[in-house]
Amino acid sequence: MTEFAQDTVKPNADNPTAPRILHWLPAAFLLTVVAVGAIATLTSPGFREAQPDKTVINGEWMLSWEKNLDSKVPWRTPSVNLWGGLNYRLFGEAQDGALIGQYGWLFTNEEFQTASTDAAEFQSKIAYVKQVRDQLAKDGAKLVVALIPAKVRIYPQEVGRAGVPASHDTLYADFRDRLEDADIAAPDLAAALKAARSQGNVFLRTDTHWTPLGAEIAARAVAETVQELNLELPPADYSLTHKPDVARAGDLLRYVPVPEDVGPELDRVSEPEYTRTDEGGGGLLGDESIAVTLVGTSYSADSKDNVWHFDDALAAALGTEVLNAAQEGKGPIVPMREYLKSQDRKDNPPQVVVWEIPERFLRVVYDAE
């Protein structure tokens, strides 16, 4: 490249003939960025917050301070989202927490994780389910476990290049086998959901949870298992209608911080509405008893994001009222612990408790009660 061409394409700051501003502009920009970052950090609320009950000697104070500062630095979220958007556009990857499959399918990375504690947790969960079964039996109640398969187990062909750990291959079947060995009813929801894929999506593409169709299919399978217990459940009739079909952004899209027209296509959902049509429905305030209690996670809990209504689908499939004691954001173990000690259980002693447990929580470690 000739000197003339170099000057034409890219002004040289070392050239004494270059504009004077090029001699100091790069350094000024760097100093400005450093100064703005330092001011933003020093003025953030997390910088000045004390860390009570943390000791300096073993590093607890520093670790707590760093975590607190990291969560409260004002430019952290925009920076993370900027990088996440670039990462999706350049490499087709989501932020840590989700995995992008084929054709707009997203999966939580919890379904792909393993740890050295997995085998022990598997045994621990089996032991706790038996403990719950025994505790309910003291009051004459039966236990049915609704083991929800991982989304990747139902849609492995949509995962793409990511590999599912081999240790997960038989996890679902092994857990069900151990429950059946303990004489605990647990319908094969994985088989039911796989068989229903020809009717439509049974899991939302951009969400961790199932679709209204998936919830309905699972409810029917659970109802068949409950009916095999030959209990006398108070009857109730329901009708089913659907709201208009709308676009819905799933919970996994928060790991893909790009505009809607750039990221995966939104799901289309027609939310079901179950209405009791007989003259009953006294519920908690009436004379009618509720013989079935549902305990579990966000797959069952009432929430603003719940458009699948597994509890209502279960009530309709059973033809009886269902008391919903599921909770969002606590996994399957904590809601059961709290239900066993709750006033709801004392006020409405059930004949059967349906415990909804997502497969991906089988390896999650919980603190001792």
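The residue numbering used here restarts from 1 in each chain and proceeds along that chain's sequence as written. Under the rules for a predicted model, residues below a pLDDT of 70 receive no local features and side-chain atom pairs below 80 are neither given nor counted, while totals for whole chains, interfaces and linings still include all residues. No hydrogens and no water enter the side-chain calculation; it runs on all heavy atoms of the structure.

Looking up the protein chain in an unreviewed UniProt entry gives the name Alginate O-acetyltransferase complex protein AlgJ, with the organism given as Deinococcus humi. UniProt positions are given in the numbering used here, feature names are shortened, and annotations may be inferred rather than shown by experiment. Of the protein chain, the UniProt comment under Subcellular location (unreviewed entry) reads exactly: "Periplasm".

**Thoughts on the overall build of the protein chain**
The helix and strand tally for the protein chain stands at 13 helices and 10 strands. Here, two residues are considered to be in contact whenever any of their heavy atoms come within 4.5 Å of each other. When contacts within the protein chain are restricted to residue pairs at least 6 apart in sequence, those whose partners lie at least 24 apart make up 75%. Helical segments are the DSSP runs of H or I of at least four residues, strand segments are the runs of E of at least two, and each set is numbered from the N terminus.

**A short note on a nonpolar patch on the surface**
Here, patches come from residues exposed beyond 30% relative accessible area and free of salt bridges, joined within 9 Å for like charges and within 5 Å for nonpolar side chains (Val, Leu, Ile, Met, Phe, Trp, Tyr). Using the Shrake-Rupley algorithm and a 1.4 Å probe, accessible areas are obtained, with residue cover drawn only from the displayed protein chains. For salt bridges, the criterion is a side-chain nitrogen of Lys or Arg within 4 Å of an Asp or Glu carboxyl oxygen. A grouping of L86, L90 and F91 is seen on the molecular surface, where their side chains present a nonpolar patch of about 310 Å² in accessible area. Checked against the element boundaries, F91 lands in helix 5 (residues 76-91).

**Quick notes on helix 12 (residues 333-340)**
Summary of the burial criterion: residues with accessible area below 20% of their type's maximum are buried, those above 50% are exposed, and those between are partly exposed, where the area comes from a 1.4 Å probe applied to protein chains only. By the criterion of burial, helix 12 is predominantly enclosed, with 6 of the 8 residues buried. Residues I333, P335, M336, R337, Y339 and L340 constitute the buried set of helix 12.

**Side note on empty space enclosed by the protein**
Each cavity reported here is a set of points on a 1 Å grid over the protein atoms alone in which a 1.4 Å probe fits but cannot get out, each pocket an open set with protein on both sides within 12 Å along at least five of seven lines, and each lining residue one with an atom within 4 Å of a point. Grid points are joined across faces, edges and corners, and a volume is the space filled by probe spheres set on the points. As enumerated under the stated definition, the model contains 1 cavity of 30 Å³ or more in all. Taken as a whole, the largest cavity encloses approximately 50 Å³ of empty space. If you trace the largest cavity, you find it lined by K125, V129, F175, P332, I333, W355, I357, F361 and L362. At the level of elements, helix 6 (118-137) and strand 10 (352-358) are the ones that each hand at least two residues to the lining of the largest cavity. Ten residue types, Ala, Val, Leu, Ile, Met, Phe, Trp, Tyr, Cys and Pro, are classed as nonpolar, four, Asp, Glu, Lys and Arg, as charged, and the remainder, Gly among them, as polar. A per-class count over the lining of the largest cavity returns 8 nonpolar, no polar and 1 charged.

**Re the packing of aromatic side chains**
Side-chain rings of Phe, Tyr and Trp, where Trp is taken by its six-membered ring, are said to pair if the distance between their centres is within 6.5 Å; with planes under 30 degrees apart they count as stacked, over 60 as edge-to-face, and otherwise as tilted. Per the stated rule, a full pass over the model turns up 7 aromatic pairs. With 5.4 Å between their ring centres and 85° between their planes, F122 and F175 make a pair best called edge-to-face. Taken together, the residues F122 in helix 6 and F175 in helix 8 (residues 171-181) connect sequence positions 53 residues apart. Classification of F175 as buried rests on a relative accessible area of 0%.

**Let's talk about the sheet that holds strand 10**
A pair of strands counts as paired when DSSP detects no fewer than two bridges linking them. Read from one edge of the open sheet, 4 strands run 3-10-8-9, paired in parallel fashion. The sheet terminates laterally at strand 3 (142-148) and strand 9 (322-324), the two strands that pair on one side only. Strand-to-strand twist across the sheet, computed as the mean angle between neighbouring axes with direction ignored, equals 25°. Sheet topology note: the strand 3/strand 10 ladder contains 7 bridges and is parallel. Each bridged residue has a counterpart across the sheet, and for A146 the counterpart in strand 10 is E356. Here the axes come from fitting lines to C-alpha atoms, over the contacting stretch only for helices, and the angles between their N-to-C directions go from 0 to 180 degrees.

**A word on the nonpolar core**
Side-chain atoms within 4.5 Å link the members of a nonpolar core, which is a set of buried Ala, Val, Leu, Ile, Met, Phe, Trp, Tyr and Cys residues. Counting residues in hydrophobic clusters, the biggest one holds 72 residues, and the most contacted among them are F203 and W355. Sorting elements by how many residues they give to this core places helix 10 (residues 212-227) first, with 8 residues. The residues touching F203, leaving out its near neighbours within four places in the chain, are W105, I148, P149, K151, I154, Y155, L193, T208, H209, W210, T211 and Y299. If you look at the next biggest cluster of nonpolar residues, it comprises 10 residues, including Y88, A94, L106 and L266.

**Quick look at unusual backbone geometry**
Of note, Y103 is a non-glycine position whose phi angle comes to about 55°, a positive value. As for its position among the elements, Y103 is in the loop between strand 1 (98-100) and strand 2 (106-108). Residue Y103 is classed as exposed on the basis of its relative accessible area of 67%. The backbone phi angle of N230 is positive, close to 55°, even though this residue is not glycine. Locating N230 in the fold gives a position in the loop between helix 10 and strand 4 (238-242).

**Remarks on the confidence of the model for the protein chain**
Every residue carries a pLDDT, the predictor's confidence in it, which falls somewhere between 0 and 100. Of all residues in the protein chain, 77% attain a pLDDT of 70 or more, and the chain-wide mean is 86. Considering only residues more than four positions removed or in separate chains, one finds that residues 1-17, a stretch of pLDDT under 50, has 10 contacts.

**Digging into the pattern of salt bridges**
Under the criterion given, the structure shown has 17 salt bridges. Connected through salt bridges with shared partners, the residues R176, E180 and D188 form a single ionic network.

**Quick look at helix 11 (residues 310-318)**
Among all positions in helix 11, only F310, D311, A313, L314, A315 and L318 are buried. Contact partners of the buried residues in helix 11: helix 10, strand 4, strand 7 (272-276), strand 8 (292-295), strand 9 and strand 10. Directly beyond the C-terminal end of helix 11, a positive phi value near 70° is found at G319.

**Describing the packing of helix 6 against helix 8**
Angle between the axes and distance between the axes are the two parameters that describe a pair of packed helices. One way to put it is that helix 6 packs onto helix 8 with a least axis distance of 10 Å and a crossing angle of 35°. The handedness of the crossing between helix 6 and helix 8 is right-handed. Contacts between helix 6 and helix 8 pair F122, Q123, K125, I126 and V129 from the former with L171, D174, F175, R178 and L179 from the latter. Looking at the contact of helix 6 with helix 8 residue by residue, the class counts come to 6 nonpolar, 1 polar and 3 charged. Note on convention: near helix rotated counterclockwise from far helix by under a right angle means a left-handed crossing. Clockwise means right-handed.

**So, the environment of A218**
By secondary structure assignment, the location of A218 is in helix 10. For the pair A218 and L314, spaced 96 residues apart in sequence, the C-alpha to C-alpha distance is 8.3 Å. Leave out the neighbours within four places in its chain, and A218 touches L189, W210 and F310.

**Concerning the side chain of T320**
Mapping T320 onto the fold places it in the loop between helix 11 and strand 9. Pairs of N or O atoms within 3.5 Å make up the polar contacts considered here, provided that, within protein, one atom can donate a hydrogen while the other can accept it, and that residues adjacent in sequence are counted only when both atoms are side-chain atoms. Separated by 2.5 Å, the side chain of T320 and the backbone oxygen of P234 make a polar contact. Sequence-distant contacts of T320, that is, excluding residues within four places in its chain, are made with L233, P234, A236, Y238, V292 and A315.

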